[in-house]
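Observations on the three-dimensional arrangement
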Amino acid sequence: MGAVTKRRATHATGRHPRRGGSDAARASRSRLSAIDLFSGAGGASLGLTGSGYDLRLAVEIHPEYGMTHAANLPGQFLAADLRAVDADKVTCAADVGPGELDVMFAGPPCQGFSMIGSRVVWDERNNLFLEVLRLARDLRPRVVVIENVPGLLTLADGAYLRAILGGLQDSGYRAACAELLAAQYGAPQMRWRLVIIAWRDDLGIPPGYGFPAPSHGPAEIGDLLPNCTIRTEETRGFVTTREAIGDLPTVQAGGQIDRYVGPPSSAYQKTMRAGLAHELHNHYAANLSAANLERLRLLEPGQDWRDLPHEMLPPGMQRALRKDHTRRYRRIAGVPRPVRLPRHQVEPVRAGRQRRSGATGGGSRPGGGPVPGRQTRTTPGPPVPPPPRTHDRRPRGACRPGGPVLTTVVGGKCRSRRVL
Ligand SMILES: C[S@@+](CC[C@H](N)C(=O)[O-])C[C@H]1O[C@@H](n2cnc3c(N)ncnc32)[C@H](O)[C@@H]1O
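Residues numbered from 1 in each chain as written. Predicted model: local features only at pLDDT ≥ 70, side-chain atom pairs only at ≥ 80, totals over all residues.

Let's shift gears to the overall build of the chain. Of regular secondary structure, the chain possesses 13 helices and 10 strands. Within the span of the chain, comprising 420 residues, buried residues form 34% of the whole. When contacts within the chain are restricted to residue pairs at least 6 apart in sequence, those whose partners lie at least 24 apart make up 64%. (Helix = DSSP H or I, 4+ residues; strand = E, 2+ residues; numbered from the N terminus. Buried ≥ 20, exposed ≤ 12 C-beta atoms within 10 Å, placed from the backbone. Contact = placed C-beta atoms within 7 Å.)

Bringing the nonpolar core into the picture now. Counting residues in hydrophobic clusters, the biggest one holds 71 residues, and the most contacted among them are M104, F105 and V144. Here M104 is in contact with I35, L37, L135, A136, L139, P141 and V144, once residues within four sequence places are set aside. (Core = buried A, V, L, I, M, F, W, Y, C linked by C-beta atoms within 7 Å.)

In the vicinity of the ligand there are 16 residues, among which F38, G40, G43, I61 and G107 approach most closely. Every element with two or more residues in the shell around the ligand is listed here: α3 (43-50) and β3 (54-60). In terms of residue class, the shell around the ligand is made up of eight nonpolar, five polar and three charged. (Near = placed C-beta within 6 Å. Nonpolar A, V, L, I, M, F, W, Y, C, P; charged D, E, K, R; others polar.)

A word on unusual backbone geometry. Backbone geometry at F38 places phi at a positive 55°, although glycine is not the residue there. With respect to the helices and strands, the residue F38 is situated in the loop between β2 (33-37) and α3. Here F38 falls in the buried class, since 23 other C-beta atoms lie within 10 Å of it. Positive phi values are uncommon outside glycine, yet Y329 reaches one of about 55°. You can see Y329 is positioned in the loop between α12 (315-318) and α13 (351-357). Given 19 C-beta atoms within 10 Å, Y329 falls into the partly exposed group.

Moving on: the packing of helix α5 (residues 87-94) against helix α6 (residues 129-139). For the pair α5 and α6, the least separation of the axes is 9 Å and the interaxial angle reads 70°. It follows from the interaxial angle that α5 and α6 lie roughly perpendicular. Taken as a pair, α5 and α6 cross one another with a handedness that is right-handed. Taking contact as the criterion, the partners of A87, V90 and T91 in α5 are, on α6, L135, D138 and L139. Its residues placed into classes, the contact of α5 with α6 shows four nonpolar, one polar and one charged. (Axes fitted to C-alpha atoms, helices over the stretch in contact; angles between N-to-C directions. Parallel < 35°, antiparallel > 145°, perpendicular 65-115°, else oblique. Left-handed = near helix turned anticlockwise from the far one by under 90°.)

What follows is about α3. Along α3, the residues that are buried comprise A44, S45 and L48. Around the axis of α3, the buried residues are gathered within 100° of arc, so they sit on the same side. Along α3, the residues that are exposed and aim more than 90 degrees away from the buried face are G43 and G50. One or two steps after α3, the chain reaches G52, where phi turns positive at roughly 95°. (Arc of directions from axis to C-beta.)

Most of β3 is tucked away: seven of the seven residues are buried. When β2 meets β3, the two strands line up parallel, connected through five bridges. In the sheet register, I35 faces β3, and the bridge partner there is L57. In terms of handedness, the path from β2 via α3 over to β3 forms a crossover that is right-handed. Where β3 and strand β4 (residues 76-79) come together, four bridges link them in parallel fashion. In the strand pairing of β4, L57 is matched with Q76. Read as a crossover between parallel neighbours, the route from β3 over helix α4 (residues 63-72) to β4 is right-handed. (Pairing = 2+ DSSP bridges. Right-handed = clockwise from strand over helix to strand, strands pointing away.)

Topologically, G107 is positioned in the loop between β5 (103-106) and α6. Residues G107 and F129, spaced 22 residues apart in sequence, show a C-alpha to C-alpha distance of 8.8 Å. When residues no more than four places from it in sequence are discounted, the contact partners of G107 are F38, A44 and E147.

A few words now on the pairing of β5. Of the two faces of β5, both are covered, the one formed by V103 and F105 as well as the one formed by M104 and A106. Inspection of the sheet shows β2 paired to β5 by four bridges, in the parallel sense. Within β5, the position partnered with L37 by the bridge is A106. Taken together, β5, α6 and strand β6 (residues 143-148) constitute a β-α-β crossover, and its handedness is right-handed.

Right, dumping it as structure tokens:
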């Protein structure tokens, strides 16, 4: 842990490419600098470099992810626990002084916040955003961008969001958040992300600036929301599954194919295959049982397990409620169709646990609330019903409970409101 992977011979010899007088060095200096915290194998790093940023450093606890990162991306890779990485180490590895860094991007773990995770306040991963706040304070980048899942908005009744926005504000940043849908930016995925953008005060940039207008579909930021029905007309222009992967050759269950057999047909396919000959990676099909293959054969595109004859279902699913497992055996529809998302349980954390752990009580943390999750696990309290579901009633585009001042981006415009 803690080793910085050297990428280029010039680094190894101590001559940093950005410091040289070459054209490459000059080009590098003219670009905005960025670092990627909690980088994983480099999804966000790829986005940053693809958008022209000079990626100086990626920090990630798992050294093995560094191999993928190094194979695909520039900059240094620091394999370390961010809780043990101070600003000096970052400035040294990224070769950028305090106050000089342009973008500090961070994608802290989201499992503890995710609606498909356990959503408990004692999950220690939930507190890793504190390292982002600490490094923002010490490094003073011009902008801090934090990416997570919308579930962060509701866990512990918004205490995490309040702590993050309040912490950024106390550190001299003007922060805003928005829930962004990947499909509105050209990814063939109905995947939501919570994005927080915080500008350093002295720049005078208003909170809410910097959220890119959607490039696909007719809706603006805030017109669509997680857990609310998305109508067909609102999906027009989204990249469909067929456009994305319709050029993949058919592969039999249990098989694998490593070459494309035809040319790309959609703009998306052309982009994805640019620079490739015909090689194809990771295209294999699960080795499904004969019974499962038979079930899938009976389904039309867009259908799922609820369309199968009852006797064809496995015993466990014969007992399942029709509202559960809504995506089991689901066949992809070839054309966009209305997306009716099941409304999830908003808050499965038991109030008894929360109270004992202090997560819902008052606190003096920045942002007006406790920092949840630092607590140790206590004896479970009595189960209580989840709070009322409010998703469909919330105002369009609103990031739910925020800090002392929560700024949300609505329809490309920025609004602030006090939500204490
Ligand atoms: C949500 S993923 C980040 C995904 C990444 N931004 C991307 O675009 O691919 C969170 C990452 O944080 C890493 N991580 C978890 N705890 C960490 C810690 N204490 N220090 C550094 N990295 C950590 C995980 O291994 C994981 O790769």
